[in-house]
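Here is what each chain is made of, one letter per residue.
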Amino acid sequence: MSTLPIYLYGQSILRKKARVVRGPDAELAQFADDMGETMRKANGIGLAANQVGDLRRVIVVDIGAMEESEGKPPLAMINPEILSGDGEWRMEEGCLSIPDLREEVSRHEAIRVRFKDVEFQEREIEASGLLARVIQHEVDHLDGVLFIDHLSAMKRKLLRGRLNKISRGKIEVAYPVVGKSHPGEGESR
Ligand code: CO
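Here's what I pulled together on the structure shown here. Worth saying up front: this structure is predicted, and the values here are computed from it rather than measured.

Attention shifts here to helix α3 (residues 153-167). Roughly 50° is the biggest bend found in α3, and it falls at arginine 160. Buried within α3 we find Leu159, Leu163, Ile166 and Ser167. For α3, the secondary structure elements touched by its buried residues are β6 (98-107).

Before going further, it helps to spend a moment on the pattern of salt bridges. Tallying each qualifying case throughout the model produces 18 salt bridges. A salt bridge links arginine 40 to aspartate 62, with the nearest nitrogen and oxygen atoms 2.9 Å apart. With arginine 40 in helix α1 (residues 26-41) and aspartate 62 in the loop between β3 (58-61) and β4 (75-86), this pair connects stretches of sequence that are 22 residues apart. One salt bridge connects lysine 116 with glutamate 122, and the closest N-O pair in it is separated by 3.5 Å. Residue classification places lysine 116 among the partly exposed positions, given a relative accessible area of 22%. With a relative accessible area of 53%, glutamate 122 lands in the exposed category. Taken together, the salt bridges that share partners define one network made up of Arg112, Arg114, Lys116, Glu122, Glu124 and Glu126.

A separate point is the coordination of the cobalt ion. The cobalt ion binds to the protein through Cys95 (SG), His137 (NE2) and His141 (NE2); the donor distances cover 2.1 to 2.2 Å. Positions of the donor residues of the cobalt ion, expressed as sequence spacing, correspond to C-x41-H-x3-H. Placement of the pair is cysteine 95 in strand β5 (residues 89-95) and histidine 137 in helix α2 (residues 129-142), with a sequence separation of 42 residues. With respect to class, cysteine 95 is no different from histidine 137; both count as buried.

Turning next to the layout of surface pockets. Here the largest pocket defines a volume of roughly 450 Å³. Lining the largest pocket we find 24 residues, and of these Ile45, Gly94, Cys95, Leu96 and Arg102 sit closest to its centre. Listed by contribution, the elements that provide at least two residues to the lining of the largest pocket are β5, β6 and α2. Element by element, the count of residues in the lining of the largest pocket is highest for α2, at 6 residues. A class-by-class count of the residues in the lining of the largest pocket yields 11 nonpolar, 7 polar and 6 charged. For the second largest pocket, the calculated volume is near 270 Å³. Breaking the lining of the second largest pocket down by element, the ones donating at least two residues are α1 and β4. Per element, the largest residue contribution to the lining of the second largest pocket is 6 residues, and it comes from α1.

Parameters and conventions
Residues numbered from 1 in each chain as written. Predicted model: local features only at pLDDT ≥ 70, side-chain atom pairs only at ≥ 80, totals over all residues. Heavy atoms only, no water. Bend = angle between axes of the 7 residues up to and from the residue. Helix = DSSP H or I, 4+ residues; strand = E, 2+ residues; numbered from the N terminus. Buried < 20%, exposed > 50% of the residue type's maximum accessible area, 1.4 Å probe, protein only. Contact = heavy atoms within 4.5 Å. Salt bridge = Lys/Arg side-chain N within 4 Å of Asp/Glu carboxyl O. Donors = N, O, S within 2.8 Å, 3.2 Å for Na, K, Ca; no water. 1 Å grid on protein atoms, 1.4 Å probe; cavity = no way out; pocket = protein on both sides within 12 Å on 5 of 7 lines; lining within 4 Å. Points joined across faces, edges and corners; volume = space filled by probe spheres on them. Nonpolar A, V, L, I, M, F, W, Y, C, P; charged D, E, K, R; others polar.

Note that every value here comes from positions in space, so none of it alone points to a role or purpose.
Shown next, in the form of structure tokens:
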């Protein structure tokens, strides 16, 4: 397993729509493993392929961070599709591509999601609470949407200065990143 550098806010790939994965291969499983490792190392609970510079519809979520699933490996979801959503709740969210910025976002409380696992078996699960939130956040990434897009125009205006700093690379991050002054897989300090 290897750790991949995470693309920071301002990198255009975060605004691109990822493409449907047509079939499984050994590399896909490896990629999903690497994404899981990258997420863990960065202390995240979810990661989308766009964030590591890849436009396949792949996300990983850390169900080990949820109650009752402690210690379980990250779950990789290929071509995830949110079929339905119920309820609404607000909670503070962050994003590994937008370090040090947390804001309240409204999401469905419970969702039904269909996806393929790395062997390309179709699966359908119901998720609620934090897991449902993480899945919604990561599926957004695959469509080029960031959590800050859910904030009011006023709120975004207030955050503009901090967002500009991130896109200009004027930020310290504890994990390997790709950003303006962090080309490639360099250490960011
Ligand atoms: Co994110």
